Amino acid sequence: MNKFSWNNLPRPIICLAPMAGYTDSAYRQLVKEIAPGVICFTEFTSTDGIKYGSKRTLKQVGFNPDIERPIIAQIFGKKPESFAIAAAALEEMGVDAIDINMGCPAKKIVSSDHGSALLKNPDLAAKIVETTVKATSLPVSIKTRLGTKDKDAKFLIDYCKRMESAGAQLITLHGRTAAQMYTGEADFELIYEVKKHVKVPVIGNGDITSIESAKEKLGNLDGLMVGRATMGNPWIMAELWHAFHDDTTSPDYKPYTSPKSFHDRLPTLIRHMELSVETKGENRGVMEMRKYLAASIKGFPGASEYRQKLVRVETLKEAVTLLKEIDKLS
Ligand SMILES: Cc1cc2nc3c(=O)[nH]c(=O)nc-3n(C[C@H](O)[C@H](O)[C@H](O)COP(=O)(O)O)c2cc1C
């Protein structure tokens, strides 16, 4: 098997963002079935959780090697030695690359000096990258934000150059500061600036919601990463992939069109549920799908009555029967 390298991927690289609570193995498999060229990141996973062999953590990094490859495992923490142990364990599990979370702004994460707190401590961040790179033969990358509070081009460029010197082989930047959380608009200008100052590929992330916004934002970057816009609309990943990678001059060219009606989207929703049940068992698999089921009928006449029923379904069969009933009425 050829070793994964960020440098060998066709440009632009199109990535599914890591999203804790959403981009689990079932969701990633669904996206790969719709858009096989997309690169998937796991939800962020605790290095200490992997180090101490927490069953829940190890389950969380589980993936389907036949469908999800290349799979990028994202990890978070603050102790370089825990990153080393986690990276070696993940390599053993067969992931294709390791991504270090340096961007999570959530209070719980930052207050324990994880995630975007690393932006305040470039020495520790560089040590973490160096230690991880030494512990694995896999490519190591980082994902971060524009800064903690202020957008400071010099700081950000120096920070990214330092991570590159420490061995990071790819940098993903979400165009917001940590203080912004998810407010305001993602700003790509500083991301373009960083790209001019590093040799490694740079991926831009934030507020990509359509082919138009993706084309507008790509600029000089090597790729784009999309998160929230895929919720309830995984087909956007195929739209983006085809928009950038299809040969429109080929005689076989057919434009990709994603399903729009509930009826046409239903098979994918059912497939998502099947994958969820396959990966988590019927109880948990169906329970975790309830949020998707309820969201799928947003705006329908009589939606609230069906939503009440959908958020209570317990089996795959029950959910499919109810969805088909809704489909007949829609
Ligand atoms: C529910 C949720 C969970 C997230 N979990 C992670 C995570 O585990 N790791 C990470 O690096 N970013 C995480 N993010 C941030 C996304 O990867 C992405 O950077 C952010 O949503 C901006 O991209 P978007 O505008 O395309 O959604 C999360 C975002 C959301 C909304």
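Our structure is the block above this text.
What comes next concerns the included structure. No experiment lies behind these values; they were computed from the predicted model shown.

Structural notes on the environment of A106
Mapped onto the elements of the fold, A106 is located in the loop between β5 (97-102) and α6 (107-110). Take A106: there are 14 C-beta atoms within 10 Å of it, and that puts it in the partly exposed class. Residues A106 and L118, 12 residues apart in the sequence, show an inter-C-alpha distance of 13 Å.

As for the site of the ligand
Taken together, 22 residues lie near the ligand, and A17, M19, F44, G227 and R228 sit nearest. Grouping the constituent residues of the shell around the ligand by class yields 10 nonpolar, 8 polar and 4 charged.

A few points about the nonpolar core
Residues C15, V129, I171 and M237 are the most contacted members of the largest nonpolar core, which totals 79 residues. Residues within four places of M237 in sequence aside, it is in contact with I14, L16, V31, I34, A35, V38, V226 and T230. Counting residues in each nonpolar core, the second largest holds 13 residues, with L269, I297, L310 and A319 among its members.

Considering helix α7 (residues 122-135)
End to end, α7 covers 20 Å across 14 residues, agreeing with the expected 20 Å (1.5 Å per residue, within 8%). For α7, the secondary structure elements touched by its buried residues are α5 (80-93), β5, β6 (140-145) and α8 (153-166).

Some remarks on the pairing of strand β1 (residues 13-16)
Across the two faces of β1 the burial is the same, with I13 and C15 and I14 and L16 all buried. When β1 meets strand β9 (residues 223-226), the two strands line up parallel, connected through 4 bridges. Note that in β9 the partner of C15 across the bridge is M225. Taken together, the 2 bridges between β1 and strand β2 (residues 39-41) define a ladder with parallel strand orientation. Residue pairing for β2: L16 is matched across the bridge by C40. Each parallel crossover has a hand, and for β1 linked through helix α1 (residues 25-34) to β2 it is right-handed.

What counts and how
- The residue count restarts for each chain, going from 1 along the sequence in the order it is written.
- Restriction of local features to residues with pLDDT of at least 70 applies here, the model being predicted, together with a cutoff of 80 or more for giving and counting side-chain atom pairs; totals for whole chains, interfaces and linings are based on all residues.
- Only DSSP runs of H or I covering at least 4 residues are called helices, and only runs of E covering at least 2 are called strands; the numbering of each starts at the N terminus.
- The exposure scheme places C-beta atoms from the backbone and then counts, for each residue, the other C-beta atoms within 10 Å of its own, assigning buried at 20 or more, exposed at 12 or fewer, and partly exposed in between.
- All residues are tested the same way: a C-beta atom is placed from the backbone, and lying within 6 Å of a molecule or strand makes the residue near it.
- Polarity classes work like this: nonpolar for Ala, Val, Leu, Ile, Met, Phe, Trp, Tyr, Cys and Pro, charged for Asp, Glu, Lys and Arg, and polar for all others, with Gly in that last group.
- Nonpolar cores are built from buried Ala, Val, Leu, Ile, Met, Phe, Trp, Tyr and Cys residues. These are joined into a set through C-beta atoms within 7 Å.
- C-beta atoms are first placed from the backbone for all residues, and any pair lying within 7 Å is then listed as a contact.
- One less than the number of residues in a helix, times 1.5 Å, gives the span that helix is expected to have.
- Pairing between two strands requires that DSSP report at least two bridges joining them.
- Seen with the strands pointing away from the viewer, any crossover whose path from the first strand over the helix to the second strand runs clockwise is right-handed.

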